[in-house]
Amino acid sequence: MDLLTAITNLEREALDSIGVCDSKVALEEHYHRFLGKKGELTAILRGLKDLAPEARRQTGEEANRVRAAIESAHARARTELERRLIEERLQGESYDALRPLPDLTGHLHPITSMQMEVEQIFTGMGFQIMDGPEIETDENNFGRLNFSDDHPARDMQDTIWTTDGNLLRTHTSSVQVRAMRLLRPPFRIIAPGRVFRYEETDATHESTFHQVEGMLIDREVSVANLIHVMKTFLSRVFERPIEVRLRPGYFPFVEPGFELDINRNLEGERRFEGDAAWLELLPCGLVHPNVLSAGGIDPKQWSGFAFGLGLDRLVMMKYGIEDIRHMFTGNLRFLSQF
Ligand code: FA5
């Protein structure tokens, strides 16, 4: 077979077989087979040196034409292959704009939502919301609340002191003191916030927890007023009629002081240990005259009540959470239940 025929055959074979190359690797192999340094065209052209000058020129030109034809067939095939690969990928990745998204939206922490609920109920009863600092003076946390320096009641709340003689407030009652000095009676405030105690944690005690202080100052405030406000508030939180019971309780800043219990919902509620009909909920009382005086309010003209609600305990009660320590672990399996 002369070289020209061999080149023509090679062209036909190369152009026929390029159609079945369905991957980049196959295309490369095809290229090397026909046009590579050790490929078929090179092999054929080794015979050029034996040809007469005219035939050599003719055959060389034909070889160049065939090389160019095969190369441009390769360029087309590569482009086509890339287009096909992209199309296949897009089909596999089809995007459905109407497909429901996985539920990854966040929500409020149960303590936060409970705080907002408490705020809403009390503002509905004419209470203002007050805030106070977490680092307090001894005076605001104890002194003006009728704790004398050596008062044994200071030991009721183990205190975390700062090196400069201040403290992390042990209760939100410090905001009572600030309210009395800031507002003119009559007034009603609640003060939600974090409080801190130097104490061991267990299922019902944290060293950092949340309280909501309440204080109402007006003329001739009685225990009956206190009971009414508490019953109204608690019935709305628990979404059922709540009965309350007062037992004597001691705090130096109230006189008389009480522990307020609520009646249990014995049908609906999770049963607790020692299944009594009453559940201890919050301490409260009528504001001690010494506290009014220390706050710049004349106890002969004004009286009031105050209460201190444990927000974490309220959340635990409402949702039947048995361990307060779940609350701030950041455990999503716990938090996503609310
Ligand atoms: C007080 O802190 C008083 N200041 C409350 C008060 C205010 C009384 C106004 C009278 C008038 P007590 O230490 O009992 O009181 O705490 C109040 C509430 O905070 C408790 O009923 C409880 O719900 C919650 N609490 C107390 N200690 C902890 C704790 N370590 N962890 C979680 N909650 C706690």
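Definitions and limits used
Residues numbered from 1 in each chain as written. Predicted model: local features only at pLDDT ≥ 70, side-chain atom pairs only at ≥ 80, totals over all residues. Heavy atoms only, no water. Helix = DSSP H or I, 4+ residues; strand = E, 2+ residues; numbered from the N terminus. Rg over C-alpha atoms; globule rule 2.2 N^0.38 Å. Buried < 20%, exposed > 50% of the residue type's maximum accessible area, 1.4 Å probe, protein only. Contact = heavy atoms within 4.5 Å. Areas by Shrake-Rupley, 256 points an atom, 1.4 Å probe, with all protein chains shown as cover. Lys, Arg positive; Asp, Glu negative; His and termini not counted. Charge placed at Lys NZ, Arg CZ, Asp CG, Glu CD. Pairing = 2+ DSSP bridges. Axes fitted to C-alpha atoms, helices over the stretch in contact; angles between N-to-C directions. Phe/Tyr/Trp six-rings, centres within 6.5 Å; stacked < 30°, edge-to-face > 60°. Lys NZ or Arg CZ within 6 Å of the ring centre and 35° of its normal. Near = heavy atom within 4 Å. Polar contact = N/O pair within 3.5 Å; in protein donor to acceptor, adjacent residues only side chain to side chain. Core = buried A, V, L, I, M, F, W, Y, C linked by side-chain atoms within 4.5 Å. Domains from an automatic or database assignment. Parallel < 35°, antiparallel > 145°, perpendicular 65-115°, else oblique. Nonpolar A, V, L, I, M, F, W, Y, C, P; charged D, E, K, R; others polar.

Q: I'd like to hear about the overall build of the chain, residue by residue, with values.
A: Along the backbone of the chain there are 11 helices and nine strands. Against the globule reference of 20 Å for 338 residues, the chain gives a C-alpha radius of gyration of 43 Å, more extended than a compact globule. Viewed in the frame of its principal axes, the chain has a C-alpha envelope of about 135 × 50 × 35 Å. Here the chain holds 338 residues, and 40% of them are scored as buried. Summarising the internal contacts of the chain: among those between residues at least 6 apart in sequence, 66% fall at separations of at least 24. Accessible surface, the chain as shown: approximately 19500 Å² in total, 52% of it carbon and sulfur. Taken as two groups, the 40 positive and 53 negative side-chain charges of the chain have centres that lie 6 Å from each other.

Q: Tell me about the pairing of strand β6 (residues 244-248), and name the residues and values.
A: Put simply, side chains in a regular strand alternate between the two faces of the sheet. Here five bridges tie β6 to strand β7 (residues 254-263), and the two strands are oriented antiparallel to one another. Directly across from L246, in β7, lies its bridge partner L260.

Q: So what about the sheet that holds strand β4 (residues 187-196)? Which residues, and what values?
A: Taken in spatial order, the seven strands line up as β1-β4-β5-β9-β8-β7-β6 in an open sheet, and their pairing is mixed. Each of the sheet's edge strands pairs with one partner strand only, and the pair in question is β1 (128-129) and β6. Pairing of β1 with β4, which is carried by two bridges, proceeds in the parallel orientation. Its bridge partner lying in β4, Q128 is registered against I189. Contacts between helix α8 (residues 223-238) and the sheet are confined to β6, β7, β8 (278-287) and β9 (303-310), with β7 contributing the most and set at about 30 degrees to the helix.

Q: Report on the packing of aromatic side chains, specifying residues and quantitative values.
A: Taken as a whole and judged by the stated rule, the model has eight aromatic pairs. Centre to centre, the rings of F122 and F233 are 4.6 Å apart; their planes meet at 35 degrees, and the pair counts as tilted. In this pair, F122 sits in helix α5 (residues 110-124) while F233 sits in helix α8, placing the two residues 111 residues apart along the sequence. By relative accessible area, which is 0% here, F122 ends up buried. Residue F233 is classed as buried on the basis of its relative accessible area of 0%. On the numbers, 5.5 Å between centres and 25 degrees between planes, the contact of F122 with F307 is stacked. Of this pair, F122 sits in helix α5 while F307 sits in strand β9, and the two are 185 residues apart along the sequence. A relative accessible area of 2% means that F307 is categorised as buried. Clustering of aromatic rings is evident, with ring pairs tying together F122, F127, F233 and F307. Positioned over the ring face of W302 is R219, at 3.9 Å from the centre of the ring.

Q: Describe in detail the site of the ligand, supporting the description with residues and values.
A: Around the ligand lies a shell of 24 residues, among which H171, S173, R197, E206 and Q211 are the nearest. The contact in question runs from an oxygen atom of the ligand to an N or O atom on the side chain of R197, over 2.9 Å. In this structure, E199 approaches the ligand through a side-chain N or O atom, which is 3.3 Å from a nitrogen atom. Relative to its unbound accessible surface of 670 Å², the ligand loses 92% to contact with the protein.

Q: Which residues make up the nonpolar core, and what are the values?
A: Most often, soluble globular proteins have nonpolar side chains that are buried together. With 40 residues, the main nonpolar core has F122, F233, L234, L260, I262 and L314 as its most contacted residues. Taken together, the elements giving at least two residues each to this core come down to α5, β5 (208-218), α8, β7, β8, β9, α10 (311-319) and α11 (332-335). Sorting elements by how many residues they give to this core places α8 first, with seven residues. Aside from chain neighbours lying at most four places away, what touches L314 is M114, V118, F233, V237, F238, L281 and L309. Counting 23 residues, the second largest nonpolar core, distinct from the first, contains M130, F142, I217 and A306.

Q: Please provide a residue-by-residue account of the domain arrangement of the chain, values included.
A: When its domains are assigned, the chain resolves into domain 1 (3-92) and domain 2 (110-335). Put simply, the middle of domain 1 and the middle of domain 2, counted by C-alpha atoms, are 89 Å apart.

Q: I'd like to hear about the packing of helix α1 (residues 3-18) against helix α4 (residues 53-92), residue by residue, with values.
A: As a packed pair, α1 and α4 sit with axes 10 Å apart at the nearest point and diverge in direction by 5 degrees. Comparing the axis directions of α1 and α4 gives the class roughly parallel. Of the residues in α4, those touching α1 at L3, L4, I7, T8, L10, E11, A14, L15 and I18 are T59, E62, A63, R65, V66, A69, I70, A73, H74 and A77. Looking at side-chain class alone, the contact of α1 with α4 contains 13 nonpolar, three polar and three charged residues.

Q: Tell me about unusual backbone geometry, and name the residues and values.
A: The amide bond that connects P185 to the next residue, P186, takes the cis arrangement and shows omega of 0 degrees. The backbone phi angle of E220 is positive, close to 50 degrees, even though this residue is not glycine. Assessed through its relative accessible area of 74%, E220 is described here as exposed. One non-glycine residue, E239, lies in positive phi territory at about 55 degrees. Structurally, E239 is set in the loop between α8 and β6.

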